[in-house]
Amino acid sequence: MTKLSIIVPVYNVERYLPVCLDSIRNQTFRDIEIICVDDGSTDRSSNILEMYSKVEPRMRIISKENGGLSSARNAGIRCATGDIVCFVDSDDFLDKTAAKRITDAFDSTHADLITFGGRVYPQFLSNWWLDKVLSPRDTMYASFDPSLFALEAAEPFAWRTACRREFLIEERLWFDEELRFGEDKLFHYMAYPRSRKTVFLSDKLYDYRVNRADSLMATRNDDKVLRIYDHLRISDRICSDWKQSGNAERFGSQLLSLIGEFVFMDVMTAPVQDRTMLANFLKSILETYFSDVQLKALLHDREYGAMARAILIDRRRLFGPRRKMMFYLGALRNNPIDFLRRGRERLASLGAVLKMRQMAGRIFPPSSRTVALRHLESEFVQKESVALLNSIELLRIELGNVESEK
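Here the structure is a predicted model, which means the values were calculated and not measured.

Chemist: I'd like a description of the nonpolar core, backed by residues and values.
Modeler: The biggest cluster of nonpolar side chains holds 67 residues, and the ones touching the most others in it are L232, W242, F264 and L286. Per-element accounting of this core gives the leading share, nine residues, to helix α12 (residues 252-268). Contact partners of L232, with chain neighbours within four places excluded, come to V263, V267, L278, F281, L282 and I285. In terms of nonpolar packing, the next biggest core, distinct from the first, is built from 45 residues, C36, A98, L130 and L395 among them.

Chemist: Residue-level account of unusual backbone geometry, with values.
Modeler: In this model, Y121 is joined to P122 through a cis peptide bond whose omega is -5 degrees. Structurally, the position occupied by P122 is in the loop between β6 (113-121) and α5 (128-133). Between E155 and the following residue, P156, the backbone shows a cis peptide bond with an omega angle of 5 degrees. Backbone geometry at N12 places phi at a positive 50 degrees, although glycine is not the residue there. Summarising the element assignment, N12 is placed in the loop between β1 (4-10) and α1 (17-25). Although it is not a glycine, R172 adopts a positive phi angle of roughly 55 degrees. Among the secondary structure elements, R172 is positioned in the loop between α7 (165-170) and α8 (183-194).

Chemist: Before we move on, could you go through the side chain of R58 and cite the residues and values that matter?
Modeler: Along the chain, the position of R58 falls in the loop between α2 (45-55) and β3 (59-64). Given the relative accessible area of 15%, R58 is considered buried. Only 3.0 Å separates the side chain of R58 from the backbone oxygen of R30, close enough to count as a polar contact.

Chemist: Give me the lowdown on the pairing of β1, citing residues and values where you can.
Modeler: Counting buried residues along β1, seven of its seven residues qualify, which places the element largely inside the surrounding structure. Burial of β1 is two-sided: the residues L4, I6, V8 and V10 facing one way and the residues S5, I7 and P9 facing the other way are all buried. In this region the chain leaves β1, passes through α1 and returns to the parallel neighbour strand β2 (residues 32-39); the handedness of that crossover is right-handed. Bridge analysis of β1 against strand β4 (residues 84-87) gives four bridges, and the strand direction is parallel. The partner of I6 across the bridge, within β4, is C86.

Rules used in this analysis
- Residues numbered from 1 in each chain as written.
- Predicted model: local features only at pLDDT ≥ 70, side-chain atom pairs only at ≥ 80, totals over all residues.
- Heavy atoms only, no water.
- Core = buried A, V, L, I, M, F, W, Y, C linked by side-chain atoms within 4.5 Å.
- Buried < 20%, exposed > 50% of the residue type's maximum accessible area, 1.4 Å probe, protein only.
- Helix = DSSP H or I, 4+ residues; strand = E, 2+ residues; numbered from the N terminus.
- Contact = heavy atoms within 4.5 Å.
- Polar contact = N/O pair within 3.5 Å; in protein donor to acceptor, adjacent residues only side chain to side chain.
- Right-handed = clockwise from strand over helix to strand, strands pointing away.
- Pairing = 2+ DSSP bridges.

Below is the structure:
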């Protein structure tokens, strides 16, 4: 029977950890091992792990000095004994059928890698982009096709991808411990090209928490230049891996389009005082990993050609008044349906906000949208508190039963 190893990196998440662990322990599929990697927590997370380990024989604790999320995941992979490996961030939680659905899918498809869907928690904090990337369709790739990055909801979160452990070990697929941000994207760009069979499941098996103000992603999003620099570092690592594996030569045009979508617009819209520095970094990436023939073709690309020219040849275009028109017209020419869909979704999001404001006005007159959101957040916090207290109470009862049996 297939065994599933669930790796949970843990760092200062005492407020969320019990609910996360309960969601894993309560899986309908029982043949799992729960590997919790305590990455040098300084709050009560370590104590919570110790208490759970007393009542959960399937749970193993690995304690290590703080090294970051990638370091913790790698430590978990090294200790895993299951046939399949998946990841759960310690402030998120799993649908109770997740382990069963994942193992059944591997048994029926014999895939190396499976990516599944997820939900935003709480849902009222979601947006069109998150809903899109967490909603894959049911499909399968018998070999690598770089178009999957454009056609499928394939990234950027590693916790929505499960892999055969042998596949990870044989292909030496580890998380880059030098990257403190974006390691999930790099992992996918290394894993998909190596996978002999890749499966996407539309099932939403994971609840992703988006309301942690102290999360790494939240702090990165507050600093635009740092975020763009991180994106460029990720692009550099992706290109380096594809170059070494020969994929940059085989799929150079597709990789350039993927890199263009990821960072070209970022660099073009960076703060004026930092734009040249970031453009220099991007230029060095392009010239290091791509041939003159590939770059020449990029300069004539209808979507990214104008931006590539601004980065590689004519820096005046980085500061000209037509900067935004470059990527707006390029996107419209390259994929008009997607361009119009994104515009429609933005309008729909605006309509939803206005509708919520109208509802708030009827329910909480004369409340503003801000007050309505605070009301929703207050209800959410109360719900969270109840869930946490329930988890602690159940754990206390289990601990008492264990002590009485001794």
